[in-house]
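The lines below spell out each chain.
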Amino acid sequence: MSIRFFALAALAGALVAGPASAAQTLLNVSYDPTRELYVEFNQAFARHWQAQGNEAVAIQQSHGGSGKQARSVIDGLRADVVTLALAGDIDELHRIGKLIPENWQERLPDASTPYTSSIVFLVRKGNPKGIEDWDDLIEPGVEVITPNPKTSGGARWNLLAAWAYAEKKYGGEAQARDFVEKLYRNVPVLDTGARGSTITFVNNKIGDVLLAWENEAFLALKEEGGDALEIVAPSLSILAEPPVTVVDANVDRKGTRKVAEAYLEYLYSDEGQRLAAKHFYRPRNPEIAKEFSEQFSDIELVTIDGYFNGWKEAQPRFFNDGGIFDQIYQAH
Amino acid sequence: MSRRTFPVIPGFGLTLGYTLVYLSLLVLIPLGALFIYATQLTWAEFWAIVTSARVLAALKLSFGTALLAALLNGAIGTLLAWALVRYTFSGRTIIEAMIDLPFALPTAVAGIALTALYAPTGPIGQFATALGFKIAYTPLGITLALTFVTLPFVVRTLQPVLADIPREVEEAAACLGAKPLQVFRYVLLPALLPAWLTGFALAFARGVGEYGSVIFIAGNMPMKTEILPLLIMVQLDQYNYAGATAIGVLMLVVSFILLLLINMLQRRIARA
């Protein structure tokens, strides 16, 4: 008997034993900062699902950059549900992958976004550069840390928030372009993802202000080195909407549609909403939001659909090759 | 009469067949797929992508820093190999083991560690700041990261060759009146050069494609510190698979030409 035989036998055993051990498994493919939220939510849902008289369900989660995660699913990762950073990435599951219908975002309440976030400033303790609002970011001598919008979903929200502020305050597209150009002139490093930028700002101590997801900013405060930081809320920001959907092609093949749909619906339940708020996402349910009103500061928020006509228009206009972001760097 | 010769060792057909199958599965098919994917673009589209200002800037940066890192390792690696082969000293086995560490360490870990050290506020980077220049987030930082990950190549290719040169050869040269520099130039260098070129080429090729260790220290500023592999990632993040493969093909072709040149140089040296 050779080693190869044992290896084959073990592999065969794993294939047979795999599906039999847990009654049902779900794979939730998500983006980076939701890790802690879904660890807790998955346990809550598993309890709830069994309490309703269903057989046990095991939920696996996968995290990474939002665009990279969407590509993995398009390229064949068997996700039952995706919970990504922006609708634009999920749209590609329809456009390239043909895995979900075009109207996927209409299937759940609030444009399939059970929780939201925003873009805020993270500054050093005591706010030595006196940063209060977007105007302070374009001052000479202020270093701004934000990831590369080409590779980071979060960074796209950052740029759009700055754009909306400048366009509203200074009155036109030309002014907004000028403002954003000045802002990026103050950016010394463009990391590829939100976590990379957090490391650059918090651990390597580069820069005066980090543009961050509100939930990431709260997390950074809780972690090591967090007591040397504080959050500044700008007067206007963007409502960051990370949506969720069932991946139809995969749940139909695996026979998990019922539990996958229940999983996402449970995000809208009182428990799901409270867990989102506990992990610093803004809950959609106004009652629950009121319970956590002290946690979230009152910011005027523009929406991607209301202000930028949705990702289908914003993505090519700002971020694809030759878009506004590329033009900023060609002008230099 | 045919002058066909039969190799002394049997099994030529079997080994050649095995080699071809193995190479096809691991190298040729994936690379072929890359070229086929790139044919989705018309020639004009392909040309527009690979000659855009940003791609050309990244091309210069990627190949320039990889070349510089390979040259640096060519010099320092030769010294290291020399010290390790020719001298016995305490702690040599530990240094031997340390040389391979850059291979064992996940490249992202190396990248984050180097960035933390050489960032303008880092333990080493602050001295550079005091002197008025920056290491991390500049081409210098990229070269540094590449020098780190490609360190083992030159050392490991030179060591066995150096060990094979008998000391007596050098002594004989010295007895015949050669000065130390002449011994190096006419005795050691010709024997070492082919292996040195192999190590250099390996280090260079690895450096061109390196992503993980570079991406944290590069700073990724368009036109200034963007490496080619990052531009491939950028294309993928726009779901532009064809655009990504176009840049991939460009890298492959340039690398292949350079490696071919190094190989030809090596053959000429070996013949001489």
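Quick caveat, the model's predicted, so the values are computed rather than measured. (Residues numbered from 1 in each chain as written. Chains lettered and ligands numbered in written order. Predicted model: local features only at pLDDT ≥ 70, side-chain atom pairs only at ≥ 80, totals over all residues.)

### Thoughts on the overall build of chain A
Stage number 1. For chain A, the count of helices and strands is 16 helices and 11 strands.
Stage number 2. The C-alpha radius of gyration computed for chain A amounts to 21 Å, which stays within 12% of the reference 20 Å derived for 332 residues, consistent with globular compactness.
Stage number 3. Considering only residue pairs separated by 6 or more positions, chain A has 72% of its internal contacts joining residues 24 or more positions apart. (Helix = DSSP H or I, 4+ residues; strand = E, 2+ residues; numbered from the N terminus. Rg over C-alpha atoms; globule rule 2.2 N^0.38 Å. Contact = placed C-beta atoms within 7 Å.)

### A look at the overall build of chain B
Stage number 1. Scanning chain B from N- to C-terminus turns up 14 helices and zero strands.
Stage number 2. Overall size of chain B, expressed as C-alpha extent along the three principal axes, is 70 × 65 × 30 Å.
Stage number 3. Considering chain B as a whole, with its 272 residues, one finds that 33% of them fall into the buried category.
Stage number 4. A sequence separation of at least 24 residues applies to 77% of the contacts in chain B between residues at least 6 apart. (Buried ≥ 20, exposed ≤ 12 C-beta atoms within 10 Å, placed from the backbone.)

### Here's the deal with the nonpolar core
Stage number 1. Of all hydrophobic cores here, the largest spans 148 residues; its most connected members are Val81, Val82, Ala162 and Val247 of chain A together with Ile247 of chain B.
Stage number 2. Looking at which domains feed residues into this core, each of domain 1 (3–113 + 241–267) and domain 2 (117–240 + 299–331) of chain A supplies at least three.
Stage number 3. Leaving out residues up to four positions away in the same chain, valine 82 of chain A has contacts with Val29, Val73, Ile90, Leu93, Val244, Thr245 and Val247 of chain A. (Core = buried A, V, L, I, M, F, W, Y, C linked by C-beta atoms within 7 Å. Domains from an automatic or database assignment.)

### Topic: the domain arrangement of chain A
Residues and elements named next belong to chain A.
Stage number 1. Domain boundaries assigned for chain A yield domain 1 (3–113 + 241–267) and domain 2 (117–240 + 299–331).
Stage number 2. Between the C-alpha centres of domain 1 and domain 2 the distance comes to 30 Å.
Stage number 3. Where the side of domain 1 that touches domain 2 is concerned, the elements lending two or more residues are α3 (66–74) and α4 (87–95).
Stage number 4. For the side of domain 1 that touches domain 2, the per-class residue count stands at six nonpolar, four polar and four charged. (Nonpolar A, V, L, I, M, F, W, Y, C, P; charged D, E, K, R; others polar.)

### Remarks on helix α2 (residues 35–51) of chain A
All names here are of chain A.
Stage number 1. Taking 1.5 Å as the rise per residue, α2 with 17 residues should run 24 Å; its terminal C-alpha atoms sit 25 Å apart, in good agreement.
Stage number 2. Within the sequence span of α2, burial applies to Leu37, Tyr38, Phe41, Phe45 and Trp49. Viewed along the axis of α2, the buried residues span an arc of 80 degrees, placing them on a single side of the element. Among the exposed residues of α2, those pointing more than 90 degrees away from its buried face are Val39, Gln43, Arg47 and Ala51.
Stage number 3. A positive backbone phi angle near 90 degrees is found at glycine 53, which sits one or two residues after α2. (Expected span 1.5 Å × (residues − 1). Arc of directions from axis to C-beta.)

### Points about the interface of chain B and chain A
Stage number 1. Each partner contributes to the interface: chain B provides 21 residues, whereas chain A provides 21 residues.
Stage number 2. Taken together, the elements giving at least two residues each to the side of chain B that touches chain A come down to α6 (107–118), α12 (212–218) and α13 (228–237) of chain B.
Stage number 3. Here the element with the most residues in the side of chain B that touches chain A is α13 of chain B; it accounts for four residues.
Stage number 4. Residue classes in the side of chain B that touches chain A are distributed as 14 nonpolar, six polar and one charged.

### Examining the packing of helix α1 (residues 12–38) of chain B against helix α14 (residues 241–271) of chain B
Residues and elements named next belong to chain B.
Stage number 1. Where α1 meets α14, the axes come as close as 8 Å, and the angle between the chain directions of the two elements is 125 degrees. As far as their axial angle goes, α14 and α1 are oblique. At the point where α1 passes α14, the crossing takes the left-handed sense. The residues of α14 that touch α1, namely those facing Leu31, Leu34, Phe35, Tyr37 and Ala38, are Tyr241, Ala242, Thr245, Ala246, Gly248, Val249 and Leu252.
Stage number 2. Among the residues forming the contact of α1 with α14, the class breakdown is 10 nonpolar, two polar and no charged. (Axes fitted to C-alpha atoms, helices over the stretch in contact; angles between N-to-C directions. Parallel < 35°, antiparallel > 145°, perpendicular 65-115°, else oblique. Left-handed = near helix turned anticlockwise from the far one by under 90°.)

### Focus: the pairing of strand β2 (residues 57–62) of chain A
Residues and elements named next belong to chain A.
Stage number 1. In this structure, strand β1 (residues 24–30) lies alongside β2, joined through six bridges in parallel fashion. The residue of β2 that forms the bridge with valine 29 is serine 62.
Stage number 2. You can see the chain leave β1, run along α2 and come back into β2, and the turn it takes is right-handed. (Pairing = 2+ DSSP bridges. Right-handed = clockwise from strand over helix to strand, strands pointing away.)

### Structural notes on the environment of alanine 33 of chain B
Residue and element names in this part refer to chain B.
Stage number 1. Along the polypeptide, alanine 33 turns up in helix α1.
Stage number 2. On the basis of neighbour count, alanine 33 is assigned to the exposed category, with 11 C-beta atoms found within 10 Å.
Stage number 3. Along the chain, alanine 33 and alanine 173 lie 140 residues apart, while their C-alpha atoms are 54 Å from each other.

### Thoughts on the environment of tyrosine 118 of chain B
All names here are of chain B.
Stage number 1. With respect to the helices and strands, the residue tyrosine 118 is situated in helix α6.
Stage number 2. Between the alpha carbons of tyrosine 118 and lysine 134 there is a distance of 8.3 Å; along the sequence they are 16 residues apart.
Stage number 3. Excluding anything up to four places from it in sequence, tyrosine 118 contacts Ile124, Gly125, Ile135, Ala136, Gly141, Leu144 and Ile217.

### Structural notes on the sheet that holds β1 of chain A
Hydrogen bonds between backbone atoms are what pair the strands of a sheet, whose relative direction is either parallel or antiparallel.
All names here are of chain A.
Stage number 1. Reading across the sheet, the four strands line up as β2-β1-β3-β9 and stay open at both edges, with mixed pairing between neighbours. A strand with exactly one partner marks an edge of an open sheet, and here the two such strands are β2 and β9 (244–246). Each neighbouring strand pair of the sheet contributes to a mean axis angle of 20 degrees, computed without reference to strand direction.
Stage number 2. Bridging between β1 and strand β3 (residues 81–83) involves three bridges; their strand directions are parallel. Along β3, the bridge assignment pairs valine 29 with valine 82.

### Regarding helix α9 (residues 151–164) of chain B
Residues and elements named next belong to chain B.
Stage number 1. Remark: the principal bend of α9, roughly 25 degrees, maps to leucine 158, with a proline, proline 160, within the next four residues.
Stage number 2. Within α9, the full set of buried residues consists of Leu151, Pro152, Phe153, Val154, Val155, Thr157, Leu158 and Gln159.
Stage number 3. Buried residues belonging to α9 abut α3 (53–86), α4 (92–99), α5 (101–104), α8 (139–149) and α11 (180–209). (Bend = angle between axes of the 7 residues up to and from the residue.)

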